Amino acid sequence: MATTALGTWRQPPLVYVVAEFVISPYYSMASQVPRLQDSLRSTFPRTIEARELIVDGTESSPQPLWQLVSADQMHGVQLGTRAISLHATSYAQSSDFLSRWAEVLDAIQIADLGAFVERAGLRYIDLIVPSEGHSPADYLADGLKGIEPEGAHSTSAMWSAAFQFDGSLVNLRTAAPAPQGFLLPPNLNALPLNKPAVMHEAEKRLKTEQVIGFVDTDCLKEIGRVLDASELLAVYTEMQKLTSRTFKAALSEIAKGEWM
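Computed from a prediction, not measured in an experiment: that's the story for all the values here.

Focus: the environment of valine 69
- Note on placement: valine 69 falls in strand 3 (residues 59-69).
- For valine 69, a relative accessible area of 0% gives the class buried.
- Separated by 123 residues in the primary sequence, valine 69 and proline 192 have C-alpha atoms spaced 8.8 Å apart.
- Aside from chain neighbours lying at most four places away, what touches valine 69 is Phe44, Pro45, Arg46, Ile48, His75, Gly76 and Leu193.

Topic: the pattern of salt bridges
- A complete count under the given rule lists nine salt bridges for this structure.
- Between aspartate 142 and lysine 145 there is a salt bridge, and its shortest N-O distance comes to 3.3 Å.
- Classification of aspartate 142 by relative accessible area gives exposed; the value is 65%.
- A cluster of three or more residues bridged by salt bridges with shared partners is formed by Arg123, Arg173 and Asp216.

Focus: the nonpolar core
- With 43 residues, the main nonpolar core has Phe21, Met29, Phe97, Leu232 and Tyr236 as its most contacted residues.
- If you tally residues by element for this core, the top one is helix 2 (residues 94-110), at seven residues.
- Once you skip the residues sitting within four places of it in the chain, methionine 29 turns out to touch Ile23, Leu36, Trp66, Gly80, Thr81, Ile84 and Leu113.

Thoughts on the packing of helix 2 against helix 4 (residues 229-249)
- Interhelical geometry of helix 2 versus helix 4 gives an angle of 155 degrees and a closest axis separation of 9 Å. As the angle between them shows, helix 2 and helix 4 are arranged roughly antiparallel. At the point where helix 2 passes helix 4, the crossing takes the right-handed sense. Residues Ser94, Leu98, Trp101, Ala102, Leu105, Asp106 and Gln109 of helix 2 form the contact with helix 4, whose own contacting residues are Ala229, Leu232, Leu233, Tyr236, Thr237 and Gln240.
- A class-by-class count of the residues in the contact of helix 2 with helix 4 yields eight nonpolar, four polar and one charged.

Overview of helix 4
- Its 21 residues give helix 4 an end-to-end C-alpha distance of 31 Å, which sits within 8% of 30 Å, the value for a rise of 1.5 Å per residue.
- If you check which residues of helix 4 are buried, you get Ala229, Leu232, Val235, Tyr236, Met239, Gln240, Leu242, Thr243, Thr246 and Phe247.

About the cut-offs
- Residues numbered from 1 in each chain as written.
- Predicted model: local features only at pLDDT ≥ 70, side-chain atom pairs only at ≥ 80, totals over all residues.
- Heavy atoms only, no water.
- Helix = DSSP H or I, 4+ residues; strand = E, 2+ residues; numbered from the N terminus.
- Buried < 20%, exposed > 50% of the residue type's maximum accessible area, 1.4 Å probe, protein only.
- Contact = heavy atoms within 4.5 Å.
- Salt bridge = Lys/Arg side-chain N within 4 Å of Asp/Glu carboxyl O.
- Core = buried A, V, L, I, M, F, W, Y, C linked by side-chain atoms within 4.5 Å.
- Axes fitted to C-alpha atoms, helices over the stretch in contact; angles between N-to-C directions.
- Parallel < 35°, antiparallel > 145°, perpendicular 65-115°, else oblique.
- Left-handed = near helix turned anticlockwise from the far one by under 90°.
- Nonpolar A, V, L, I, M, F, W, Y, C, P; charged D, E, K, R; others polar.
- Expected span 1.5 Å × (residues − 1).

As far as function goes, none of this settles anything; it's purely spatial.
Below is the structure:
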């Protein structure tokens, strides 16, 4: 069982990272998977087959997914007809994660898929596990705390905003406290990876009906061209900086004092 912490902070709250790009529908992906699997096998030796339900208008159809997972089950690549992504529950620092993503991008380029990249995304999930005497809201900047009517106490509080950065959009969503029973954002399609220490701690709190929270920071950028690995990696490098800047702006002094 993994008990790692993600990142270089003293007590990092980071638990899950996803880099993904959405592609124009690629219905022959199944024929390309063997080459990609062979290219990435040394890093991702385990393969899991899955399916996702795609809804187009009123029609829905299941489409195949292939999940290539590392031996320690802390990183996984998901290949689909609509998107390709790298998921991680182990994260030493941004350069390490981006170098792993570069390996995936290079493999895709060498396989010569000719995939048309519609949009790039980079998403970080951080969990708020409050220390003794604190609530999840104490870890957020004052502007994100909302209200609390006299005589009441908050059982869930969610806040969201979108920030434009010269061609990139960063969506920030916070839950402090998170809705009862929710460990991660409900729209996160997580891979079956090992869980880091903070996630195990948050699960224990949920079992005893104690509150937690999360910060969901998601950067998006429209691409609109055939995949070029080096160009796309440069885009993700800039997106990581914007995501980090936005996340830090959401934190209170209490959060910075405990985590950084």
